[in-house]
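# Structural features, examined
These are the residues of each chain, in order.
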Amino acid sequence: MPAIKNWYKTVYQRLFHLDDRLLLIIAGSIAGICSGLAAVVLRLSLESVLEWLHPFRHYGWAFIFPAVGALLSSFYLEKIAREGAGHGVPEVIYSVSRYGGLLRFRSSYSRLISSFLTIGSGGSAGPEAPVVMSGSAIGSSIAKFLSLNDRQRITLVGCGTAGAIASIFNAPIAGLVFSIEVILGEWKFVNIIPIAIAAVAGAQVSQAIIPERVLFFHQPFQVGFPDVLACLCLAVVTAMISVLFTKVLRQTGKIAKKSAFPLWGRAFIGGCTVGIIGMFMPVVLAEGYSFIQSMISGTFSMGLFLAFVAVFAKIFATAMTLGWGGSGGIFAPCLLIGSLTGIVFHKMLFALFPTVGCASEGAYALLGMTGIISGVMQAPLTGIFLIVEITGGYETILPLIVVSSISSTMSHYIEPASFYFKELIERGQFLRPGTDARILSDLNIRELIETEFVTVSENMVFRKFIELLKTSGQNFFPVIEDGSDEYKGMIQISGIRRYALDPGMYDMIFLNQIMDTEVITASLENDLQEVLDMMDINNMDSIPIVENDQFIGMISKTRVLDLYRRELIVQTSVH
Amino acid sequence: MELSVFDLSKHLGVAPNTIERWIRQGKLPVSKKGTNYRFQSNELSKWALRNNINLDLTDKETPEKIQESNIALSDAVQNGGVYCNIKGNDVNSVLKACLEKISEIPDDFKADLLERLIEREKALSTGIGKGIAIPHPREQLSYLKHPMISVCFLDQPVDYKALDNQPVSVLFFIFCPVLKLHLHLLSVLSFCLRDSRFTGFLKSNPDPIALIEKIKILQKANPI
């Protein structure tokens, strides 16, 4: 045994400590494979449970399915997994930016189970975000197992995410792009290679288990010049719809939070609503891949009006599922809403200009999907590559780019924060690498505080203080109470100049008569952003830190600038 | 509302050069009118919000300097009064005798005030030399309406443990409702007492009116 242990140690050190890129590539591909497997498992089990439930769908009481599913899902998350509802992507982003990608191992399966319950029963949500959460938790757990540092862990979280997306859509490049564009937020050389490999590994896993090569099969499209013009209008429409979708999602969430129902009750009500809508319009139920497929291949049967209504029904159903306590993502709903929008647009185009030879409905469904994905996530590259890859065709790339860029730009203009980031920005947790917010949140008060201060007693005679001043370089003197050492106030040299130049005062006053008791103080609990704001508002260059009535030290702007600069250099350095 | 580069530099607290550099680097929402750059306030507010910058575009009225409610030394002496022929042969008895005479202090507070004065003398003598002392309590007396200085001339000089070991014959009591005025009066008084002509004048046991007149003259010559 010791021999093996030694051998393992040598190999480990030789291989991995020499160059951590190799380690990251190997660990990353493992993360990709594991998260790919998780994605495949969720996709297959969803398919089979939906298949199994299908015969019951036409019964009148079937509307209860999504309700029970959402109820079980929220019960599971709250009581057993003890995790918050929601889709999990903001949590992953926050963890990457704040805690070096630290996620609980539990997260790697909890979201799979809860979203399986929600979506399998017919709730309108997508399996992608849960898979992203699970993939990134797998990556994080692998990093923990190998006891890697934060930077390497973040890369592995990216690998897990990429593997998951690559596997569920069978789209490796989309996995890579999503992981870097949305989750990590920085394009770094050291990240790209392991993540690309993880994405390919994830896609390979999915291909090996699920035989069909692309998620949505389609006939080649003929895209002509009139289509590019039409795309301009379609892009505007998709931008509007995506802003609407984002707003409705957030608003329903807020309404649900205000309602007096318990968590499971909310999920039940949301599920019932979705079930009732689904009775009349089955297209809103579950993740809707089969409907997307039928829209792309042009066999979708709804008329113009119905499809138009279905867009809003799906938006509402998704909001009711996710906002009211169900578990799942918005990726698949985006795709469905997008393809419905595309179809509606195509039908209207056809009604208005029957003679113009534009491409088929399927092509517009694709373009609509790109528009919504780019608009909601404001991640144009993810939108383009995802659609190109899941349909396996490059012939629509020009209109795809047009729609994607216009849609993301317009929705960015109306709503500057994307769906994933909005929540984080509101909570002040959007901390992209190299930004001011990130650096301020990384530096904490304890790192900045200067504690080398001579304190003076409140009963010190001014003459003694002047003696002290002669030999001291200090500009601030904290005044403390005799005996208890309790902080009483500050003496700032600039504030006592008129007394210090008047020898007649030396024996007449004590320090507690000239100390400034109205100085704003901060405590160790404050974060740096708050402390700096306090200093800005009150025009201070230094602020005393007082904890439990004890003077701890001071924070000065000069010191902050020094450390801030050093932190910026370290954080933005090329590894 | 439209703003110029200069206005914005004032609001943001940066140099106009910085604003110009930001315009050049494309960081600010700016429109060009002829050769001048103009900013729209609503766009600026949006920009500030997005970038997490504190920007207050409302016109800041420069806060009026709070007039330091200083009081002239002569007024304080008028408030406090001048008392002569006070008897006593040590610090405590002198202080007690003085307090009894000073009519502006409400009788109920006199016992407490005496204790505080004695306590202050114990901590450090307020005798500043040349036969003069400035007794005062360390805490301010919030029950007083006005700051006041009571001048008391002693019958016989007493040993006050002053810095120069000279016995003290003139006491300047400082009683103030707020610390700020106390420090002000203390500083003005100590300035006056450095004037040897004034201390010499005090030795001559002047009458109250003459004393206040003398202080007024000193004040005029050295406005603090």
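Residues numbered from 1 in each chain as written. Chains lettered and ligands numbered in written order. Predicted model: local features only at pLDDT ≥ 70, side-chain atom pairs only at ≥ 80, totals over all residues. Heavy atoms only, no water.

### Brief notes about the overall build of chain B
Along the backbone of chain B there are nine helices and eight strands. Taking 2.2 N^0.38 as the reference for a compact globule, 224 residues should give roughly 17 Å; the C-alpha atoms of chain B span a radius of gyration of 29 Å, well beyond that estimate. Looking at chain B as a whole, 45% of its 224 residues are labelled buried. A separation of at least 24 residues holds for 63% of the contacts in chain B among residues at least 6 apart in sequence. When the accessible surface of chain B is summed, it comes to about 12700 Å², and 51% of that surface belongs to carbon and sulfur atoms. When the 29 positive and 26 negative side-chain charges of chain B are each reduced to one mean point, those points stand 9 Å apart. (Helix = DSSP H or I, 4+ residues; strand = E, 2+ residues; numbered from the N terminus. Rg over C-alpha atoms; globule rule 2.2 N^0.38 Å. Buried < 20%, exposed > 50% of the residue type's maximum accessible area, 1.4 Å probe, protein only. Contact = heavy atoms within 4.5 Å. Areas by Shrake-Rupley, 256 points an atom, 1.4 Å probe, with all protein chains shown as cover. Lys, Arg positive; Asp, Glu negative; His and termini not counted. Charge placed at Lys NZ, Arg CZ, Asp CG, Glu CD.)

### A few points about the overall build of chain A
Helix and strand counts for chain A stand at 25 helices and five strands. Once the C-alpha set of chain A is aligned to its principal axes, its extents read approximately 100 × 65 × 50 Å. Only carbon and sulfur atoms are counted for the fraction: they give 64% of the accessible area of chain A, which is about 24800 Å².

### A closer look at the side chain of Thr118(A)
Summarising the element assignment, Thr118(A) is placed in helix α5 (residues 107–120). Setting aside residues up to four positions removed in sequence, Thr118(A) forms contacts with Gly69(A), Ser73(A), Gly123(A), Thr321(A), Gly326(A) and Ser327(A).

### With respect to the pattern of salt bridges
Residues and elements named next belong to chain A. Inspection of the entire model under this criterion finds 14 salt bridges over all chains. Measuring nitrogen to oxygen at the nearest pair gives 3.5 Å for the salt bridge that ties Glu-481 to Lys-488. What makes Lys-488 partly exposed here is its relative accessible area of 27%. The shortest N-O distance in the salt bridge between Asp-536 and Lys-557 comes to 3.2 Å. Of this pair, Asp-536 sits in helix α24 (residues 528–537) while Lys-557 sits in helix α25 (residues 557–572), and the two are 21 residues apart along the sequence. A relative accessible area of 42% places Asp-536 in the partly exposed class. Members of the salt-bridge network, linked through shared partners, are Glu-481, Glu-486 and Lys-488. (Salt bridge = Lys/Arg side-chain N within 4 Å of Asp/Glu carboxyl O.)

### What about the sheet that holds strand β3 (residues 36–40) of chain B?
All names here are of chain B. Across the sheet, three strands lie side by side as β1-β3-β2; this open sheet has antiparallel pairing. The open sheet has two free edges, formed respectively by β1 (2–3) and β2 (31–33), since each of these has just one partner strand. Across three bridges, the pairing between β2 and β3 is antiparallel. Among the inter-strand pairings, Ser-31 is bridged to a residue of β3, identified as Arg-38. Lying over the sheet, helix α3 (residues 41–50) contacts β1 and β3, oriented at roughly 70° with respect to β3. (Pairing = 2+ DSSP bridges. Axes fitted to C-alpha atoms, helices over the stretch in contact; angles between N-to-C directions.)

### Some points on the interface of chain A and chain B
Contact with chain A, which involves 19 residues of that partner, is made by 22 residues of chain B. When chain A packs against chain B, the two sides together hide about 1600 Å² of surface, and 56% of this comes from carbon and sulfur. Looking at the side of chain A facing chain B, the largest losses of area belong to Met508(A), Phe510(A) and Gln513(A), adding up to 40% of the total buried there. At the boundary of chain A and chain B, one finds zero salt bridges. At the junction of chain A and chain B, the tally comes to four residue pairs in polar contact (both at pLDDT 80 or more). Elements that contribute at least two residues to the side of chain A that touches chain B include exactly α22 (497–500), α23 (511–514) and α24 of chain A. With three residues, α23(A) is the largest single contributor of residues to the side of chain A that touches chain B. (Buried area = accessible area lost by both parts, 1.4 Å probe. Polar contact = N/O pair within 3.5 Å; in protein donor to acceptor, adjacent residues only side chain to side chain.)

### What about the nonpolar core?
Residues Phe169(A) and Tyr420(A) are the most contacted members of the largest nonpolar core, which totals 120 residues. No other element matches helix α14 (residues 331–352) of chain A, which puts eleven residues into this core. (Core = buried A, V, L, I, M, F, W, Y, C linked by side-chain atoms within 4.5 Å.)

### Observations concerning the pairing of strand β5 (residues 550–556) of chain A
Residue and element names in this part refer to chain A. Most of β5 sits out of view: five of its seven residues are buried. With six bridges connecting them, strand β4 (residues 542–547) and β5 associate as antiparallel partners. Following the sheet pairing, Ile-543 is matched in β5 by Ile-555.

### Let's talk about the packing of α5(A) against helix α6 (residues 128–145) of chain A
Residue and element names in this part refer to chain A. Here α5 crosses α6 at 165°, and the two axes come no closer than 7 Å. Overall, the two elements α5 and α6 adopt an arrangement that is roughly antiparallel. With respect to the hand of their crossing, α5 and α6 are arranged in left-handed fashion. Of the residues in α6, those touching α5 at Ser-107, Ser-108, Arg-111, Leu-112 and Ser-115 are Pro-130, Val-131, Met-133, Ser-134, Ala-137 and Ile-138. Of the residues in the contact of α5 with α6, the class split is six nonpolar, four polar and one charged. (Parallel < 35°, antiparallel > 145°, perpendicular 65-115°, else oblique. Left-handed = near helix turned anticlockwise from the far one by under 90°. Nonpolar A, V, L, I, M, F, W, Y, C, P; charged D, E, K, R; others polar.)

### Looking at α6(A)
The end-to-end C-alpha distance of α6(A) is 25 Å, a good match for the 26 Å that 18 residues give at a rise of 1.5 Å each. At the C-terminal side of α6(A), Ser147(A) shows a positive phi close to 45°. (Expected span 1.5 Å × (residues − 1).)

### Thoughts on the sheet that holds strand β5 (residues 127–129) of chain B
All names here are of chain B. Read across the open sheet, the five strands follow the order β4-β7-β8-β6-β5; overall the sheet is mixed. Each end of this open sheet is capped by a strand with a single partner; those strands are β4 (82–86) and β5. Sheet analysis places strand β6 (residues 132–133) next to strand β8 (residues 168–175), joined by two bridges and oriented parallel. From the neighbouring strand, Ile-132 faces β8, where its bridge partner is Val-170.

### A closer look at a nonpolar patch on the surface
Residues and elements named next belong to chain A. A cluster of nonpolar side chains, Leu-244, Phe-305, Phe-308, Val-309 and Phe-312, forms an exposed patch at the surface whose accessible area comes to about 450 Å². Counting residues per element, the nonpolar patch draws most heavily on helix α13 (residues 304–323), at four residues. For Phe-305, the position within the fold is in helix α13. (Patch = residues over 30% accessible without salt bridge, like charges linked within 9 Å, V, L, I, M, F, W, Y side chains within 5 Å.)

### Some words on the packing of aromatic side chains
One pass over the structure, following the stated rule, counts 14 aromatic pairs over all chains. Between Phe105(A) and Tyr109(A), the ring centres sit 6.1 Å apart and the planes meet at 65°, which makes this aromatic pair edge-to-face. Taken together, a centroid distance of 5.7 Å and an interplanar angle of 20° make the contact between Phe173(B) and Phe175(B) stacked. Exposure class is identical for Phe173(B) and Phe175(B). Each is buried. Joined through ring pairs, the aromatic side chains of Phe462(A), Phe465(A), Phe477(A) and Tyr506(A) make up one cluster. Over the face of the ring belonging to Phe510(A) we find Arg138(B), whose NZ or CZ atom lies 3.9 Å from the ring centre. Looking at Lys214(B), its charged tip hangs above the ring of Phe201(B), at a distance of 5.3 Å from the centre. (Phe/Tyr/Trp six-rings, centres within 6.5 Å; stacked < 30°, edge-to-face > 60°. Lys NZ or Arg CZ within 6 Å of the ring centre and 35° of its normal.)

### A short note on the packing of helix α12 (residues 289–296) of chain A against helix α15 (residues 361–377) of chain A
Residues and elements named next belong to chain A. One way to put it is that α12 packs onto α15 with a least axis distance of 7 Å and a crossing angle of 130°. Compared by their axis directions, α12 and α15 come out oblique. Between α12 and α15, the contacting residues are Ile-292, Met-295 and Ile-296 on the first element and Glu-361, Gly-362, Ala-365, Leu-366 and Met-369 on the second.

### With respect to unusual backbone geometry
All names here are of chain A. With a phi close to 55°, Asn-170 is a non-glycine residue in the positive phi region. If you trace the backbone, Asn-170 turns up in the loop between α7 (150–169) and α8 (172–184). When its relative accessible area of 8% is taken as the criterion, Asn-170 is described as buried.

### A few points about the state of the cysteines
Under the definition given, this model contains zero disulfides over all chains. Among the cysteines around Cys334(A), which has no disulfide bond, Cys231(A) carries the closest sulfur, lying 19 Å off. Cysteine Cys192(B) is unpaired, with the sulfur of Cys176(B) as its nearest cysteine sulfur at 15 Å. (Disulfide = S-S within 2.5 Å.)

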